[in-house]
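Fold and contact review
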Amino acid sequence: MKKTSLILMLSLMVLSGCAENSALIKANSTSLRTDIYEELTNGATVPQGFVDLRVTATLKTHKPGIYSAKDIHGTPDYKLLLNIDGQAVLLRGNLQNENSESRGLVDPEVGDGIRYRFSKNLRLKSGTHRIVVALPDDGIAIEREITLVEGNANSLALEPIYSTKTGKRRLEMRSTPSFMEGIRTIRLILNGREI
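**Topic: the sheet that holds strand β8 (residues 140-148)**
Overall, antiparallel pairing links the 4 strands, which are arranged β4-β3-β7-β8 in an open sheet. Of all strands in the sheet, those bounded by a partner on one side alone are β4 (87-92) and β8. In this sheet, adjacent strand axes meet at a mean angle of 20° when their direction is disregarded. Note that strand β3 (residues 79-84) and β4 share 6 bridges and pair antiparallel. Across the sheet, Leu 80 pairs through a bridge with Leu 91, a residue of β4.

**Here's the deal with the packing of aromatic side chains**
By the definition in use, this model includes 2 aromatic pairs. When the centroid spacing of 5.0 Å and the interplanar angle of 50° are considered together, the rings of Tyr 78 and Tyr 116 count as tilted. Of this pair, Tyr 78 sits in the loop between β2 (50-61) and β3 while Tyr 116 sits in strand β6 (residues 111-125), and the two are 38 residues apart along the sequence. The interplanar angle of 5° and the centroid separation of 5.8 Å between the aromatic rings of Tyr 116 and Phe 118 together place this pair among those described as stacked. Relative accessible area serves as the criterion here: at 2%, Phe 118 is assigned to the buried category. An aromatic cluster of three or more residues is present, and its members are Tyr 78, Tyr 116 and Phe 118. In this structure, Lys 60 is placed above the aromatic ring of Phe 179, and the distance from its NZ or CZ to the ring centre is 4.6 Å.

**What to know about the environment of Leu 32**
For Leu 32, the position within the fold is in the loop between α1 (2-28) and β1 (37-39). For the pair formed by Leu 32 and Gly 86, sequence separation is 54 residues and the distance between their alpha carbons is 5.1 Å.

**Brief notes about the pairing of β2**
Inspection of the sheet shows β2 paired to β6 by 12 bridges, in the antiparallel sense. Within the sheet, the bridge partner assigned to Phe 50 lies in β6 and is Lys 125. As judged from the 5 bridges shared by β2 and strand β9 (residues 154-162), these two strands associate in the parallel manner. Counted as the bridge partner of Val 55 is Leu 156 from β9.

**Brief notes about the pairing of β6**
As defined by bridge partners, β1 adjoins β6 across 3 bridges and the pair is classed as antiparallel. Along β6, the bridge assignment pairs Glu 39 with Leu 122. Pairing analysis gives 7 bridges linking strand β5 (residues 94-100) to β6, with the strands arranged antiparallel. Bridge pairing in β6 links Gln 96 to Arg 115.

**So, the side chain of His 62**
Position of His 62 among the secondary structure elements: in the loop between β2 and β3. Polar side-chain contacts of His 62 include one of 2.5 Å to the side chain of Asp 71. Ignoring sequence-local partners within four residues, the contact set of His 62 consists of Tyr 67, Asp 71, His 73, Gly 74, Ile 114, Phe 179 and Met 180.

**Details of unusual backbone geometry**
The phi dihedral of Asp 85 is positive, around 50°, even though this residue is not glycine. On the secondary structure map, Asp 85 appears in the loop between β3 and β4. Although it is not a glycine, Asn 191 sits at a positive phi angle of roughly 50°. Position of Asn 191 relative to the elements: it lies in the loop between β12 (183-190) and β13 (193-194).

Scoring rules and cut-offs
- Residues numbered from 1 in each chain as written.
- Predicted model: local features only at pLDDT ≥ 70, side-chain atom pairs only at ≥ 80, totals over all residues.
- Heavy atoms only, no water.
- Pairing = 2+ DSSP bridges.
- Helix = DSSP H or I, 4+ residues; strand = E, 2+ residues; numbered from the N terminus.
- Axes fitted to C-alpha atoms, helices over the stretch in contact; angles between N-to-C directions.
- Phe/Tyr/Trp six-rings, centres within 6.5 Å; stacked < 30°, edge-to-face > 60°.
- Buried < 20%, exposed > 50% of the residue type's maximum accessible area, 1.4 Å probe, protein only.
- Lys NZ or Arg CZ within 6 Å of the ring centre and 35° of its normal.
- Polar contact = N/O pair within 3.5 Å; in protein donor to acceptor, adjacent residues only side chain to side chain.
- Contact = heavy atoms within 4.5 Å.

Rendered as structure tokens:
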């Protein structure tokens, strides 16, 4: 009875998290404002009271068509959503086939897949901002407050945390993260520090 109750409670928590992410993605997919930031194409001098923010992400997904013909992973249609204070933009990634070998004991990006590189340079007012980063097709959304100080070069790196697969090795059970299992969440690193 206790085991069944625990499983039911965990299932409800997972479903609740998915519903919250879906609502966050839906609420932040369209721009409510257009005056929060401007997209930069050159490195002009930063005016007083403003900062530049470079947003980057690199992640790996499986190739298209592995799980279903409708799956957009591995295609140009897979996008990253960025919303700052109500101004939203969908970023397209640069795609590259990648078949990498292990670089260590546990490398979640080993194997044949598609590497995405997302990048955007923005100029916005210095101060505190509400940011939402999402992978809409994976149902992942992260909301944070960031403070950007005038006069600093600011970078926001988004790092994927991949889901795990359970494997057997002799008699021990272990979990190994792998891009083939999908992305579980995103880690945000602002100016070298996790937020």
